[in-house]
Amino acid sequence: MPDDLRVIEIGGEDSFTVQFSDGYSGHFDPLRLLVECGWEDDPERTPTPVAWTNASGEIPSAHFDEIDGADGMRTLLEGFFTRGFCIIRGTPHEAGDLDALAQRFGYIRETNWGRLFDVYSKPVATDLAYTGLALAAHTDNPYRFPVPGIQFLHCLENSVAGGFSTVVDGLALVERIAEIAPDEARALEELPVRFRYDTSSCIVEDASPLVERDNLGRLIGLRLSSRLDYVLPAAPEQLDLFYAGRRRLQRMANDPQFQLSFPFEPGLLLMMDNRRTLHGRTAFDGTSGKRHLQGCYIDHDGPRSLWRTLMRDGVASLGREAA
């Protein structure tokens, strides 16, 4: 690009034709220019997140057949982006079906847990997920860099007593703490915490504050897993605030007023933003039946690309090529 490049002439009505000093002419859509300047809403922008609690929450859901159409997929994704999770009922639910289901939204991100991982009770459990014990609200894999963006849990079989799935809006928790305890909220955003997963075959570690925001102050990540975090050295005053905030966050995340719960039924697929939505479950009796889930992860860019394609074209390919 020449150092003295400049605009020579601008003309046109339906589109701007811009003549540059190096001889190049470019044609620009006026509406697109207004969008780029921030003076008009971008029709492709994903819906704005809306904080929810048990009182204001609703479960965005669709039947599997509905998401074959552009309108049904668009409605489901709108609920996912605003609420941070959604469920799809009536899906095929044989072992391995999740592979194709997840790829309707994005490319599967494989981890040491495998491309797909199974969740059921085991005689020798290496994780609480493989027991019938209740699981407190948490995010998955906080020790990874980057943390998996979106998690799927797919019910293949469930005949046990109990074992309700719980979801919590991390955005609502963070907003509430910032309102009632701003000093604690700042400590949660400033003090790095080391997360570590250590086994005989795998050591994965990363350090980050529990709450992460972008340069505009918007929540971009929440990490909460009290079994895996190690607080780094800091001044006593900051540690006091951090631990007070962490206790408050943990209590609120497991308070029914912030939770929605529902039973897993065969064919139900839960899709949740793992950087925003906390999940857990109530205890269940493994001797009363069988409970088998499969899970996997994808990145955020898959659903975002699918949304933009749907909004741009009205009708889009809903297969893997859209992600």
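The preceding data block contains the structure.
For clarity, every value in this text was computed on a predicted model and none was experimentally measured.

## Quick word on the overall build of the protein chain
A count of helical and extended segments in the protein chain gives seven helices and 20 strands. Across its three principal directions, the C-alpha atoms of the protein chain cover 75 × 55 × 45 Å. Scored against the burial criterion, the 323 residues of the protein chain give a buried share of 46%. Taking contacts inside the protein chain between residues at least 6 apart in sequence as the whole, the part at least 24 apart equals 75%. Element-wise, carbon and sulfur atoms account for 51% of the exposed surface of the protein chain, whose accessible area totals about 16200 Å².

## A closer look at the pattern of salt bridges
All told, the structure shown has 19 salt bridges when counted by the stated rule. Salt-bridge contacts for Asp-214 lead to Arg-218; the nearest nitrogen and oxygen are separated by 2.7 Å. Each of Arg-194, Arg-196, Asp-198 and Glu-205 takes part in salt bridges that share partners, so that together they form one network.

## Looking at the sheet that holds strand S16 (residues 259–262)
Here we have four strands laid out as an open sheet, ordered S7-S18-S10-S16, and antiparallel in their pairing. Of all the strands in the sheet, the pair left with one neighbour each is strand S7 (135–138) and S16. Direction aside, the axes of adjacent strands within the sheet are offset by 20 degrees on average. Across five bridges, the pairing between strand S10 (residues 165–169) and strand S18 (residues 277–281) is antiparallel. If you follow Val-168 over to S18, its bridge partner there is Leu-278. Sheet strands in contact with helix H4 (residues 170–180) are S10 and S18, and its direction is about 45 degrees off that of S10.

## Digging into the sheet that holds strand S5 (residues 85–89)
Spatial ordering of the open sheet is given by S4-S5-S17-S8-S20-S6, a layout of six strands whose pairing is mixed. Strands at the two margins of the open sheet, each flanked by one partner only, are strand S4 (61–63) and strand S6 (117–119). Within the sheet, the average angular offset between the axes of one strand and its neighbour, ignoring direction, is 20 degrees. Alignment of S4 against S5, held across three bridges, turns out to be parallel. The residue bridging Ala-62 from the neighbouring strand is Ile-88, located in S5. Lying on the sheet, helix H2 (residues 70–83) is in contact with S4, S5, strand S8 (150–158) and strand S17 (269–273); it crosses S5 at an angle near 145 degrees.

## Structural notes on the nonpolar core
Counting residues in each nonpolar core, the largest one holds 26 residues, and the members touching the most others are Leu-173, Leu-210, Phe-242, Leu-249 and Leu-278. Mapped onto this core, the elements with two or more residues apiece are H4, helix H5 (182–190), strand S11 (193–198) and helix H6 (236–253). Residue contributions to this core peak at four residues, all from H6. Discounting residues that sit within four places of it in the chain, Leu-278 has contacts with Ala-137, His-138, Thr-139, Thr-166, Val-167, Val-168, Leu-173, Leu-222, Leu-224 and Ala-253. Counting residues in hydrophobic clusters, the runner-up holds 25 residues, among them Phe-105, Met-271, Cys-296 and Trp-307.

## Section: helix H7 (residues 301–313)
With 13 residues, H7 should reach 18 Å at 1.5 Å per residue; the first-to-last C-alpha distance of 18 Å fits that figure. Among the structural elements, H2, S8, S17 and strand S20 (291–298) are those in contact with the buried residues of H7.

## Considerations on the environment of Thr-111
The residue Thr-111 is located in the loop between helix H3 (97–102) and S6 in this model. Separated by 185 residues in the primary sequence, Thr-111 and Cys-296 place their C-alpha atoms 8.9 Å from one another. When residues no more than four places from it in sequence are discounted, the contact partners of Thr-111 are Asn-141, Arg-144 and Tyr-297. At 3.1 Å, the side chain of Thr-111 and the backbone nitrogen of Trp-113 are in polar contact.

## Quick word on the state of the cysteines
Within this structure, the stated rule accounts for zero disulfides. No disulfide involves Cys-86; its sulfur sits 13 Å from the nearest other cysteine sulfur, which is in Cys-296. Take Cys-296: its relative accessible area is 0%, and that puts it in the buried class.

## Some points on H4
One turn of the α-helix equals 3.6 residues, which is why residues spaced by three or four share an orientation. Considered for burial, the residues of H4 that qualify are Gly-170, Leu-171, Ala-172, Leu-173, Val-174 and Ile-177. The inward-facing, buried residues of H4 abut S10, H5, strand S13 (211–213), strand S14 (219–222), H6 and S18. N-cap assignment for H4: the residue whose side-chain oxygen lies 3.1 Å from the backbone N of Leu-171 is Asp-169.

## Some thoughts on the packing of aromatic side chains
Enumeration according to the criterion identifies ten aromatic pairs in this entry. With a centroid separation of 6.0 Å and an interplanar angle of 75 degrees, the aromatic rings of Phe-81 and Trp-307 are classed as edge-to-face. Of the two residues, Phe-81 is situated in helix H2 and Trp-307 in helix H7; the sequence distance between them amounts to 226 residues. Of the two residues, Phe-81 and Trp-307, neither departs from the other in class, the shared state being buried. Both rings, one in Phe-262 and one in Phe-264, keep their centres 6.1 Å apart while their planes meet at 70 degrees; by these two values the pair is edge-to-face. The pair formed by Phe-262 and Phe-264 is uniform in burial state, with each residue classed as buried.

Calculation criteria
- The numbering scheme is per chain: residues are counted from 1 as the chain's sequence reads.
- Local features in this predicted model are restricted to residues of pLDDT 70 or higher, and side-chain atom pairs are both shown and tallied only at a pLDDT of 80 or more, whereas totals for entire chains, interfaces and linings draw on every residue.
- Each side-chain value is derived from all of the structure's non-hydrogen atoms; neither hydrogens nor water enter the calculation.
- Only runs of H or I of at least four residues qualify as helices and only runs of E of at least two qualify as strands under DSSP, and these elements are numbered from the N terminus.
- Accessibility here uses a 1.4 Å probe with only protein chains present; expressed as a share of the type maximum, an area under 20% marks a residue as buried, one over 50% as exposed, and anything in between as partly exposed.
- The contact criterion used throughout is that any non-hydrogen atoms of two residues lie within 4.5 Å.
- Note on areas: Shrake-Rupley with a 1.4 Å probe; residue coverage comes only from the protein chains shown.
- Think of a salt bridge as a Lys or Arg side-chain nitrogen and an Asp or Glu carboxyl oxygen that are within 4 Å of each other.
- DSSP bridges decide pairing: two strands pair if at least two such bridges lie between them.
- With axes taken as lines fitted to C-alpha atoms, and helix axes fitted only over the stretch in contact, angles between N-to-C directions fall between 0 and 180 degrees.
- For the purposes of this section, nonpolar cores are sets of buried Ala, Val, Leu, Ile, Met, Phe, Trp, Tyr and Cys residues that join through side-chain atoms within 4.5 Å.
- Each residue after the first adds 1.5 Å to the expected span of a helix.
- We call two N or O atoms a polar contact when they sit within 3.5 Å, provided that within protein one can donate a hydrogen and the other can accept it, with sequence-adjacent residues counted only if both atoms are side-chain atoms.
- We call a pair of cysteine sulfur atoms a disulfide whenever their separation is within 2.5 Å.
- By convention, a stacked pair of Phe, Tyr or Trp rings (six-membered ring in the case of Trp) has centres within 6.5 Å and planes under 30 degrees apart, an edge-to-face pair has planes over 60 apart, and any other such pair is tilted.

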